[in-house]
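# Residue-level structure breakdown
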Amino acid sequence: MKLTVDRNELWRGLNTVLDAVASKPAQPVLANVLLDAAESQLTLSATDLDLSIRTRVTAAVDVPGRVTVPAKTLAEITREWPEADLQISLEDGRIVLSGHLGAANSGEGRYSLAATPPDEFPDMPESLDGIELSFGEGGPIDGDLIRAMIDRTSFAVSKDETRPVLNGVLWRITSDFMSMVATDGSRMAEFRRNLDGTDRGTAEVILPPQACQQLGKLLDGAQDGLAKALVGDSQVLFQVGETQLLTRLIEGPYVDYEQVVPRENDKRLTIAIDQLLPAVRRVSILSSSYTHQVRMMLQDGSLELTASSQEIGGEAREVIPGDYSSEALEVAYNAHYFMEILRKIGSDEVIIDLRDSVTAAVVRPGEQLDGEELFYLLMPMRPSA
Amino acid sequence: MPDTKVSHFVTDPVEGAESPPAKAQNRKIIHIDMDAFYASVEQRDTPSLRGRPVVVGGDPEGRGVVAAASYEARKRGVRSAMPMRTAMRLCPQAVRVAPDFGKYRGVSRAINDIFHEYTDLVEPVALDEAYLDVTYNKADIPFGHRVARMIKGEIRSELKLTASAGVAPNKFLAKIASDLRKPDGLVVVMPHQVTEFLVDLPVEVIPGVGKVTREQLRRVGIDTVGQLAASSPPQLAPHVGRRSSELWQRAQGIDDSPVHTERDPKQLSAETTFGDDVHDLPQMQQALEDLSQDVAMRLQRQQLRGRVVTIKVRYPDFETITRSQSHGLYLDTQQPIQQIANQLLKRTHAADRGVRLLGLGVSGFPDMQRGVQLDLFGGFGAVG
């Protein structure tokens, strides 16, 4: 193997795949990145077996070849390399990085690293048996939309391993809409956007949150958005520009979440987030460190927030104006869950629909785009005696 | 390494077989019971004890009772909780080992760590016994008996000890199952086997059925669980009173009690029984220091803080009293707990009368019930 590659290109490629390298790899070879040089391209891949990333960078390939090298070390060397060309070659089982360094390329550097043959490195398929969602025809799915969906839903994913299906984000796509749903039982997030009706195929899968995070990151730098997804039985392969992301799926079926969305919440509070959020944050200082419970007393035109902590021996109370005209209601929430929703909702005002002290609140942004629906459910805490 | 004996009750479970629809029947509960735990630990650590009858317990000259007996000693009729004197008479060649509870606690923690590799729903019953709910487990293993076998294997390979396990849809059945093929047993009761599993067992397998209840039931012709199941709560009521419907439910194999993790106890306590009555105040204070150390350590481990300290004093004539004091702050450190305990001791007649037992507890934890987070899916039980 012998090739020349621009430092910036190589760094971009390594930086892309590096997130798939586990900090504690299950097998030694998984700490490596696979380099595959062929036809004026260098392909880099890394995997932690759950998540694999592959990307391509332009290179002048003299001798094609495949080899794996320690990913973090290669990345460190590349990061410190000045903006200049870098030669990579395989010499006697060692990978050698060399090139001109220093001001006006006055110096020279040569680094060699032990390389491992590629045979032990798990194959990442180029394709999958399954349904192909081709976004080419109706135009790619807007990367910003997917990123917003991930950002506003995935935080609600459960970390409780006793309910495995809740450890992921439900991603649904049909010709008419795309949605993401996440819940841990205490709160739930759903973001749904209508699509133009172009047939792109249909999918309903549970994505691990790490995969969502990576997909969001890839789309952040991408120009074209999501071009293609191949949905298999247990894996899904995303294509973003020159990069492919392969992830394990969480086995469904997902919970019947639509059944728990309350339909009879008849009391509505409308309030500015920049009033509500700081108040909840302040009051929660004196909430129990066990429960983070903040009580909310709703009355005509106002909202009273209280918290008390037996451990600290303190009590907090704030009254803020809010648009509320239904009968008085007292309800308690975990302040952390409440604040997280208020921070993610992305609007100036929030509309909270309630029923009683044991029914989930439906929390929506004050304004939504046409064809877009974002809402959160927040379960109360059992009211105090 | 010898293979674990596996006994599936009646028939082998068919992997992937249809389970009955009732949700409660779909739980996978494991009861793990270490075999002759203290005695096995001693035999493990002292090779010369292997193969010999070992009795772990206090001095036969004092009031000691048997804490554990190896299987060799059990063959001679030695049983747990039997006075040491009786045990040594039954089995004079037995090697007596003084219990080292610090060591057993350490081993118990290691066992607990193994459990937590599979589930956090662990209910410790004693140092050598626990219930696990593995309906959903961290290893994503769909079969309870497979989880049980893996846990037994890890206990064997990592700790060189054997455990018996029962796998069943509830705690009551799992407990009976673990006891059936001791030592090193694994007994699986599938939901459809419950009736057959119970039918011929004696009624004493039901917790709470002791000698008295057994006799009451025998008088009306009920000896087996099957016969109990065939009666009805109204028929039983005149004989066993309020517990009739509970007993009848158990006889049907019904037990909905959840696996309680140790998160929400009412009181955390420890106590010491002295070999001889103690009349010396410094010695009592020393005991309270040790007890407060133990209680504080457990409070911290469970992230609990309580504001009520209670001591228990048993005088030489067996009269037992408690004294409590509330404190303004929530406590979880040794020093204030010990201080309060010492003050409480002064409010008893311990110094004049002497004591045979001292206990120390901390209670009055913040009301956790008030802070219970409600669950969106709580209404329809398990999800997934």
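Residues numbered from 1 in each chain as written. Chains lettered and ligands numbered in written order. Predicted model: local features only at pLDDT ≥ 70, side-chain atom pairs only at ≥ 80, totals over all residues. Heavy atoms only, no water.

### Concerning the sheet that holds strand β12 (residues 177–183) of chain A
All names here are of chain A. Pairing in this open sheet of 9 strands is antiparallel, and the strands run β14-β11-β12-β13-β26-β25-β24-β18-β22 from one edge to the other. Two strands in the sheet have a free side with no partner beyond their single neighbour: β14 (203–207) and β22 (323–324). As judged from the 4 bridges shared by strand β11 (residues 169–173) and β12, these two strands associate in the antiparallel manner. By the bridge assignment for β12, Trp171 is matched with Met180. Along the sheet, helix α3 (residues 143–153) contacts β11, β12, β13 (187–194) and β26 (372–378); its crossing angle with β13, the most-contacted strand, is approximately 165 degrees. (Pairing = 2+ DSSP bridges. Helix = DSSP H or I, 4+ residues; strand = E, 2+ residues; numbered from the N terminus. Contact = heavy atoms within 4.5 Å. Axes fitted to C-alpha atoms, helices over the stretch in contact; angles between N-to-C directions.)

### Looking at helix α5 (residues 144–159) of chain B
Structurally, the α-helix is built with 3.6 residues per turn, so residues lying three or four positions apart point the same way. All names here are of chain B. An ideal rise of 1.5 Å per residue puts 22 Å on 16 residues; α5 measures up with 22 Å between its terminal C-alpha atoms. The complete set of buried residues in α5 reads Gly144, His145, Val147, Ala148, Ile151, Lys152, Glu154, Ile155, Arg156 and Leu159. Looking one or two residues beyond α5, the residue adopting positive phi is Lys160, at roughly 55 degrees. (Expected span 1.5 Å × (residues − 1). Buried < 20%, exposed > 50% of the residue type's maximum accessible area, 1.4 Å probe, protein only.)

### Observations regarding the nonpolar core
Residue and element names in this part refer to chain A. Within the largest apolar cluster, 101 residues are counted, with the highest numbers of intra-cluster contacts made by Trp171, Leu276 and Leu305. Ranked by residues supplied to this core, first place goes to helix α5 (residues 273–283) with 6 residues. Apart from the residues lying within four places of it in its own chain, the contact partners of Leu305 are Leu276, Ala279, Val280, Val283, Val294, Arg295, Met296, Ala316, Arg317, Glu318 and Ile320. (Core = buried A, V, L, I, M, F, W, Y, C linked by side-chain atoms within 4.5 Å.)

### Quick word on the environment of His145 of chain B
In this fold, His145 of chain B is placed in helix α5. Overall, the relative accessible area of 7% leaves His145 of chain B in the buried class.

### Some words on the confidence of the model for chain B
Residue and element names in this part refer to chain B. When the pLDDT values of chain B are averaged, the result is 84; 88% of them are 70 or greater. Predicted confidence for residues 1–5 stays below pLDDT 50, and this span has 11 contacts to residues more than four positions away or in other chains. Note on residues 379–384: pLDDT under 50 across the span, and 11 contacts to partners over four residues away in sequence or across chains. Across the interface, the model reports ipTM at 0.82; the global pTM reads 0.56. (pLDDT = per-residue confidence, 0-100.)

### Here we look at the sheet that holds strand β5 (residues 95–97) of chain B
All names here are of chain B. A sheet is described by the order of its strands in space; here 3 strands give the open sequence β4-β3-β5, paired in mixed fashion. Unpaired on one side and paired on the other, β4 (66–69) and β5 mark the two borders of the sheet. Within the sheet, the average angular offset between the axes of one strand and its neighbour, ignoring direction, is 25 degrees. Of the strand pairs in this sheet, strand β3 (residues 54–57) and β4 are connected by 3 bridges, and their pairing is antiparallel. Looking across to β4, one finds that Gly57 is bridged to Val66.

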